[in-house]
Amino acid sequence: MNPVRYEKIKAKQVLNPVKTPAMPFEHSINPYRGCQHGCSFCYARAMHAFLGLNGDDTFQTNILMKENAPEALREQLRKAARSRKGLAGIGRIAIGTATDPYQQAEGRAKLTRGCLEVLTEYPVPLTITTRSPLILRDLDLLRKLPVYAVNISLNTLNRTTWRNFEPGAPSPAKRLETVRALTDAGIPAGIFMAPMLPYITDGRDELEGRAGGGIREVQIRRFSQL
């Protein structure tokens, strides 16, 4: 595996319209291009090709950081707030649709946190999808925002399967702990079970774990609180 290379880039905009009717949101935010988690099944790998980069492991070793993401977002929301429809025209925002907003680079770059700080000024309903417990760092902001869901992506509790398919992602146990911590803090959170790989991650042992306390328990706990 090649060493990870971080490259700062300027973005004209970070709030991107989503035109697909099947999606439960109208805009997306991805402060990064590429993802160090290196999930082998990630559909977003192909997006590196649009930048003239390879869609192979380059996706996880060449991370592009939109260093002006908070500023670009603030300008877009400022214009939207002054438009005829106002912020209502934005609809719902999904953070983390093509890359994990809390991947390793976020620990120092804090671009996702910067975007959340902007969103506290322009409150728009949002959802966040991540595999990382780093999201707990931003509980102070999440409590101020109209978050309608934090989705912790997890499709197996089998450590061997996890290491084979998601070599750079936090462990399944850490992700379950993150869901519990979020719900204990009053943040609506649950498991995003995707992708389900036939004959690989759809078995009982994969989903429940040998020691119990698996995905099913977290789901029941979440929905009993709604």
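The structure presented is a predicted model; accordingly, all values stated were derived computationally and were not measured. (Residues numbered from 1 in each chain as written. Predicted model: local features only at pLDDT ≥ 70, side-chain atom pairs only at ≥ 80, totals over all residues. Heavy atoms only, no water.)

A. Molecular detail of the environment of L154. Its place among the elements puts L154 in the loop between β8 (147-153) and α6 (159-165). A relative accessible area of 1% means that L154 is categorised as buried. Remark: the alpha-carbon pair of L154 and L207, spanning 53 residues in sequence, is separated by 9.3 Å. (Helix = DSSP H or I, 4+ residues; strand = E, 2+ residues; numbered from the N terminus. Buried < 20%, exposed > 50% of the residue type's maximum accessible area, 1.4 Å probe, protein only.)

B. How the structure looks around the sheet that holds β8. The strand order across the open sheet formed by six strands is β2-β3-β6-β7-β8-β9, and the pairing between neighbours is mixed. Looking at which strands have only one partner, the edges of the open sheet turn out to be β2 (16-17) and β9 (189-192). In this sheet, strand β7 (residues 126-130) lies alongside strand β6 (residues 93-95) in parallel orientation, the contact comprising three bridges. Within β7, the residue paired with I95 across the bridge is I128. (Pairing = 2+ DSSP bridges.)

C. Main features of the pattern of salt bridges. Here the structure, examined in full by the defined rule, presents 13 salt bridges. Between R5 and E7 there is a salt bridge, with the nearest N and O atoms lying 3.2 Å from each other. What makes E7 partly exposed here is its relative accessible area of 29%. In this structure, R113 and D138 form a salt bridge, with 2.7 Å as the shortest nitrogen-oxygen distance. In this pair, R113 sits in helix α4 (residues 111-121) while D138 sits in the loop between β7 and α5 (139-142), placing the two residues 25 residues apart along the sequence. Relative accessible area serves as the criterion here: at 0%, D138 is assigned to the buried category. One network of salt bridges, with partners in common, ties together E106, R113, E117, R137, D138 and D140. (Salt bridge = Lys/Arg side-chain N within 4 Å of Asp/Glu carboxyl O.)

D. Representation of the sheet that holds strand β5 (residues 62-66) in the model. Across the sheet, which stays open at both edges, the three strands sit in the order β1-β5-β4 with mixed pairing between neighbours. The open sheet has two edge strands, β1 (5-9) and β4 (32-33), and neither has a second partner. Sheet topology places β1 next to β5; five bridges connect them, and they run parallel. Bridged to E7 within β5 is L64.

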